[in-house]
Amino acid sequence: HTLAPRSGPIEGGTLVALHGEGFPADAADLSCLFGGVPATHTFFESSELIHCVAPPAASEGPVTVSLATNGVDAVPAGRTPFVYHPTLAVAAVSPPIGPETGGTVVRVDGAGFQDDGGAVLCEFACPAAQGGA
């Protein structure tokens, strides 16, 4: 089985896809467990995909993700742990403005950024222009 993503903030809320095979559609009490703590929500998608919402964690670090189909007997969902990381906090963005056409290199300073070898994505929202008539 594989997890995606493999990490999230300690406050929980990360939607985690558990890919595998043979997940039972008729499981009476299907639930994901993160370090023994039940997921906030568990969704059966298909015999090859289950979505789980990670619960909050007491501290950062790796936890084993397990799957219970009867609410009692949990089996590890793979060899790769889910890693809780500190809450992401953005302290500053520089420069604060740029052209609508894009292309500006932006520096983001803060805490809780993780270097897991994956791509870092930033999303910029443009506020609606305000003007008087």
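Small disclaimer: the values here were computed from a predicted structure and weren't measured.

Enquirer: How should I be thinking about the state of the cysteines in this particular structure?
Expert: In protein structure, a disulfide is the covalent linkage between the sulfur atoms of two cysteines. For the structure on display, the rule yields 1 disulfide. With a sulfur-sulfur separation of 1.7 Å, Cys32 is cross-linked through a disulfide to Cys52. Here Cys52 lies in strand 7 (residues 49-53) and Cys32 lies in strand 4 (residues 31-34), a separation of 20 residues in the sequence. Taking the relative accessible area as the measure of exposure, Cys52 reaches 1% and is therefore buried.

Enquirer: How do you make sense of the environment of Gly8 when you look at a structure like this?
Expert: Secondary-structure assignment places Gly8 in strand 2 (residues 7-9). A C-alpha to C-alpha distance of 8.0 Å links Gly8 and Ala54, two positions 46 residues apart in sequence. With near-sequence residues (within four places) excluded, Gly8 lies in contact with Thr14, Phe82, Val83, Tyr84 and His85.

What counts as what
Residues numbered from 1 in each chain as written. Predicted model: local features only at pLDDT ≥ 70, side-chain atom pairs only at ≥ 80, totals over all residues. Heavy atoms only, no water. Disulfide = S-S within 2.5 Å. Helix = DSSP H or I, 4+ residues; strand = E, 2+ residues; numbered from the N terminus. Buried < 20%, exposed > 50% of the residue type's maximum accessible area, 1.4 Å probe, protein only. Contact = heavy atoms within 4.5 Å.

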